[in-house]
Amino acid sequence: MTRPSSLPAHEPTRRRVLRAVRQALHLLAVELGTPTEPGTPLFGGVRSIWLRRLPYLVAFAFAVSLLPTTINVLSHDYGLNGGLAGALATAQTAPLLLAVTRPLQAWWVIFAADILCAMALIRADGVAERAWPWPPTAIVGYLALMVALSLRERGRTLTAVWLTTGLAGILFEPMTPDGSVGTWVLLFVLTGVVLMMGATLRERGDAQRKLIEQETISEAERARRTLLEERTRIARELHDVVAHHMSVITVQADSAAYRISGIPREAEEEFGSIAATARESLAEMRRLLGVLRSEESERHGGPAKTPQPGVGMLPKLVEGTVRAGVPVELSLPEGPLPLEPAVDLSAYRIVQEALANVVRHAPGARTRVSVTTAADGSLLTVLVVNSPPPAPSAPLETSGTGHGLIGMRERVRLVDGALDTGPLPDGGFRVAARLPLSPSPAPAAPLSPKDSDSV
C-alpha cells in the first residue's frame, strides 16, 4: 500500500518549519546566555567619580523603594500569603543591584520571578479588576532593568529579551483570570520603547568616543608625519653639505700623489684607499637619499642647484619679511662667522620659521632678530622676539598646530643645541636657540686587531 501523494510534500515542509523553530530557539538561547562585558560597571569608563557612582545610587533607590511597595501590593491588594509575597518581592527587586554590573544575569532572575508571580496570582483572591500578569510594581522594576540592559548589551540580545517578554505574555493570555486587567501588551510596548531609546543613547555615546579616539589618533599621526617631513627636509639639505665635503676628500686623496712629490709607495696606496672609500661612501649616501632628492625633483621640476642658505642670507630674508608687513630689526655680529655648515643652515631655518610664525599669527608685530656669539666663541645664540600684534590686525591663522616648533627642535637637536620658546608676559613670543660652534666629536671606538690589520 502506497502513501498518499500529498504526504511526501507535507513532511519536508513540517521538517523545515521545525528546523527553523529549533534554530530560532537556539539563537535566542545563545543571545540570552552570552552577556557583554560581565562584571564591568555601567559608566565604569567615565572620568567623573560621581557619574561612576550614579548607577549604584539609582539601582539602590529602585530596590529600596520597590521592595516594601511590592510586598504591600502582593499581600494586601492581591491577597497573597505574606511569606510568598516577601519571597517574590525580594526576587523581583533585589537583582536590580546586580544590574549595575551584570544586567543580563539580573534579567534572568527578575524575569523568572515575574513568571512565578504571575502564576501565583492566577488563583489569588484579589486579582479581579487588577493588573495581570504583570502588577504595576513588576512593570516599574522591569523597565528600570531594561534601561541598564540597553546600555550594556548588543542589539540582538535586546531583541531577544523583547521577544521573550512578548512571548511570555502571549502564553499567559489563555490563563487570564476572570475580571483581571491584562498588562502584557503594555509591558511589551514599553519594553520595546525603553530598549530602543537606551540602545540609541549607547550607540551615540560609542560613536562620540570613537570620534574622540580617532581625532586623538589623527592629531598624533599628523604630528608624527610633520616630524618625519621635517627630518626628510633636513636630510635633503644635509645631503648637499655632506656630499660637498666627501667630494673634496675624494679629489684631495686622488690628487695627493701629483701634488706632493716623493711620498712613499705605502702612503700613495693609503691615499688611494681613502679616495676609494670616500667614493664608495658618497655613492652609498646618494643611493640612500636618492628617493628624497627624486621627490623634490618631481615637485620642483628638477634637482635643486641653489646653495644651502646660511646666516649670511638673513638680511635678504628679513627684507622679504618687511615687505610682508612685519617690521623687523636685524642684529648680526661684525665680520664673517666661521660656522659649520649644519650650524649655519640650522640658524637660518630657525629664523625663517620664527618669522613665518610671526607673519601667520601676529601680522604687523614688531620683531627683533639677533644673532650673537659667546665671548669664548663656543656658542651661537639666535634670538627672535616679537611684540603683541597691533589691535586692528587679525591673525592669518587663529589656531596653531605647533608643527613649526617641531622643525626648530629637530634643527637644534641635530647640532646638539638647546631651544627655548614660549609666550612673553606682554603677549609677545620668544624663540631662543643656542647652537654650539664647535661640537665635540664623538669618541672613536678602539680598533680590534682584526680591524687594524684590515686598515
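Anything mentioned here points back to the structure above.
Structural notes, computed from the coordinates. This is a predicted model, so every value here is computed, not measured.

1. Comments concerning the side chain of Thr164
Logical step 1: Within the secondary structure layout, Thr164 lies in helix H6 (residues 155–172).
Logical step 2: A distance of 2.7 Å separates a polar atom in the side chain of Thr164 from the backbone oxygen of Ala160.
Logical step 3: Here Thr164 is in contact with Leu28, Leu32, Trp107 and Phe111, once residues within four sequence places are set aside.

2. Observations regarding helix H4 (residues 103–121)
Logical step 1: The end-to-end C-alpha separation of H4 is 26 Å, in line with the 27 Å expected for 19 residues at 1.5 Å each.
Logical step 2: Within H4, burial applies to Pro103, Leu104, Ala106, Trp107, Ile110, Phe111, Ala113, Asp114, Ile115, Cys117, Ala118 and Leu121.

3. Topic: empty space enclosed by the protein
Logical step 1: Inspection of the entire model under this criterion finds one cavity of 30 Å³ or more.
Logical step 2: The computed volume of the largest cavity comes to approximately 40 Å³.
Logical step 3: Around the largest cavity, the lining residues are Leu66, Gln92, Thr93, Ile110, Asp114, Thr137, Ala138, Gly141 and Tyr142.
Logical step 4: Elements that contribute at least two residues to the lining of the largest cavity include exactly helix H3 (82–93), H4 and helix H5 (136–150).
Logical step 5: Considering every element that reaches the lining of the largest cavity, the biggest residue donor is H5, with four residues.
Logical step 6: Residue composition of the lining of the largest cavity, by class: four nonpolar, four polar and one charged.

4. Side note on the sheet that holds strand E4 (residues 367–373)
Logical step 1: Pairing in this open sheet of five strands is mixed, and the strands run E3-E4-E5-E7-E6 from one edge to the other. Among the strands making up the open sheet, the edge pair consists of strand E3 (328–331) and strand E6 (418–423). Taking each pair of neighbouring strands and ignoring which way they run, the sheet shows an average axis angle of 5 degrees.
Logical step 2: Here six bridges tie E6 to strand E7 (residues 429–436), and the two strands are oriented antiparallel to one another. The residue of E7 that forms the bridge with Leu419 is Ala433.
Logical step 3: Running at roughly 170 degrees to E3, helix H9 (residues 314–323) makes contact with E3 and E4 of the sheet.
Logical step 4: Lying on the sheet, helix H10 (residues 341–361) is in contact with E3, E4, strand E5 (379–386) and E7; it crosses E5 at an angle near 5 degrees.

Conventions used here
- Residues numbered from 1 in each chain as written.
- Predicted model: local features only at pLDDT ≥ 70, side-chain atom pairs only at ≥ 80, totals over all residues.
- Heavy atoms only, no water.
- Helix = DSSP H or I, 4+ residues; strand = E, 2+ residues; numbered from the N terminus.
- Polar contact = N/O pair within 3.5 Å; in protein donor to acceptor, adjacent residues only side chain to side chain.
- Contact = heavy atoms within 4.5 Å.
- Expected span 1.5 Å × (residues − 1).
- Buried < 20%, exposed > 50% of the residue type's maximum accessible area, 1.4 Å probe, protein only.
- 1 Å grid on protein atoms, 1.4 Å probe; cavity = no way out; pocket = protein on both sides within 12 Å on 5 of 7 lines; lining within 4 Å.
- Points joined across faces, edges and corners; volume = space filled by probe spheres on them.
- Nonpolar A, V, L, I, M, F, W, Y, C, P; charged D, E, K, R; others polar.
- Pairing = 2+ DSSP bridges.
- Axes fitted to C-alpha atoms, helices over the stretch in contact; angles between N-to-C directions.

Geometry only, nothing functional implied.
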